[in-house]
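Spelled out, the chains give:
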Amino acid sequence: MHRWLCFVLFFLLSPALMSQQTPVPVGDEPHHHVVLKNDFVLVTHVTLSPGDTTLFHTHSHDRVAVELTDATITQQKPGKAEGEPEPRKTGDVSALQTDAPYTHRVHNVGTTVFEVLDVELLQRPKQPASTPAAKVEAENPSARVYKWTLAPGTTSAMHAHDRPYLIIAATPLTLKMTDPQGKSFTHEVKAGDLHWIDAKVTHSLANEGKTAGEIVEIELK
């Protein structure tokens, strides 16, 4: 009877265990909420409450991650042990090169909500088609990342984007953008706000608010 019960339990539980191990495309993972998709990028906003774990999911392209909260996570590959805790800081960016499909799951082992914008770069150029617009914070074969940390009342250098790019607010701030002719636009932005620009742009970025803010620009190569 005991052996029969074990067999029945194994038969009933096996589909659930198998489904936990079967990877899904990153855009189908329930904690990855698609906020932008076009021919060039797939952007997902990932939110994990303390203790939550994503499904195993697969990244198939170069990507950039922009951290939106202070949190601690672990990562795990299929069939492997869970990795060591990894502290993440608001505003941190990473540019990852993906030469083959990469599958993992993420576990929030901290006490705060883990939030990150994950940008999949869907087209890798054969060679870079532009020169850097500013100091490069991070890069991979598909994109360069620029990070602007702006104290209240400060302005970035004027810089030119010759390629399509994504601008992301890593923190809330009052953002003022000014072109070389002095024309400006001011926006109240929240952490995670983003905008895709498929045009040549020359501008400076200023913080018109009362607290420091961080802006990230991801420019295609």
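Residues numbered from 1 in each chain as written. Predicted model: local features only at pLDDT ≥ 70, side-chain atom pairs only at ≥ 80, totals over all residues. Heavy atoms only, no water.

Caption draft 1: Structural detail: the sheet that holds strand β4 (residues 57–59). Pairing is mixed in the open sheet, where five strands are placed in the order β1-β4-β9-β6-β7. With one partner strand each, in any of the chains shown, β1 (24–25) and β7 (86–88) form the two edges of the open sheet. In the sheet, β4 pairs with strand β9 (residues 102–108) via three bridges, with the strands oriented antiparallel. Its bridge partner lying in β9, H59 is registered against Y102. (Pairing = 2+ DSSP bridges. Helix = DSSP H or I, 4+ residues; strand = E, 2+ residues; numbered from the N terminus.)

Caption draft 2: Here's a closer look at the pattern of salt bridges. Applying the stated rule across the entire model yields nine salt bridges. The partner of R88 in a salt bridge is E67, and the shortest N-O contact between them spans 2.9 Å. Of this pair, R88 sits in strand β7 while E67 sits in strand β5 (residues 63–67), and the two are 21 residues apart along the sequence. In this structure, R88 and E67 share a single accessibility class: buried. A salt bridge links E139 to K221; the nearest nitrogen and oxygen atoms lie 2.8 Å apart. Here E139, found in strand β11 (residues 138–140), pairs with K221, found in the segment after β19 (213–220); they are 82 residues apart in sequence, far enough to count as distant. Given the relative accessible area of 42%, E139 is considered partly exposed. Residue K221 is classed as buried on the basis of its relative accessible area, which comes to 9%. Salt bridges sharing common partners tie together D62, D99 and R124. (Salt bridge = Lys/Arg side-chain N within 4 Å of Asp/Glu carboxyl O. Buried < 20%, exposed > 50% of the residue type's maximum accessible area, 1.4 Å probe, protein only.)

Caption draft 3: Representation of the pairing of strand β16 (residues 184–189) within the structure. Strand direction decides the pairing type here: strand β15 (residues 173–178) and β16, joined by six bridges, are antiparallel. Residue T174 lies in a different strand from β16, and its bridge partner there is E188. Remark: five residues form the turn of the hairpin made by β15 and β16, two consecutive strands paired antiparallel; G182 in that turn has positive phi of roughly 90 degrees.

Caption draft 4: Geometry of the nonpolar core. With 20 residues, the main nonpolar core has V66, V119, L121, L166, I168 and I218 as its most contacted residues. Mapped by element, the contributors of at least two residues to this core are β3 (41–48), β5, β10 (114–121), β12 (143–150), β14 (165–169) and β19. The residues touching I218, leaving out its near neighbours within four places in the chain, are V64, V66, V119, L121, A143, R144, V145, P164, Y165, L166 and I168. One finds L150, I167, L173 and I197 within the second-largest nonpolar core, a separate group that totals 14 residues. (Core = buried A, V, L, I, M, F, W, Y, C linked by side-chain atoms within 4.5 Å. Contact = heavy atoms within 4.5 Å.)

Caption draft 5: Structural detail: the side chain of R144. By secondary structure assignment, the location of R144 is in strand β12. In terms of polar contacts, R144 uses its side chain to reach the backbone carbonyl oxygen of S130, at 3.1 Å. Those residues within four positions of R144 in sequence are excluded, and the remaining contacts are P128, S130, T131, P132, V136, A138, E139, E217, I218, E219 and K221. (Polar contact = N/O pair within 3.5 Å; in protein donor to acceptor, adjacent residues only side chain to side chain.)

From the geometry alone we can't say anything about function, so treat these as descriptive.
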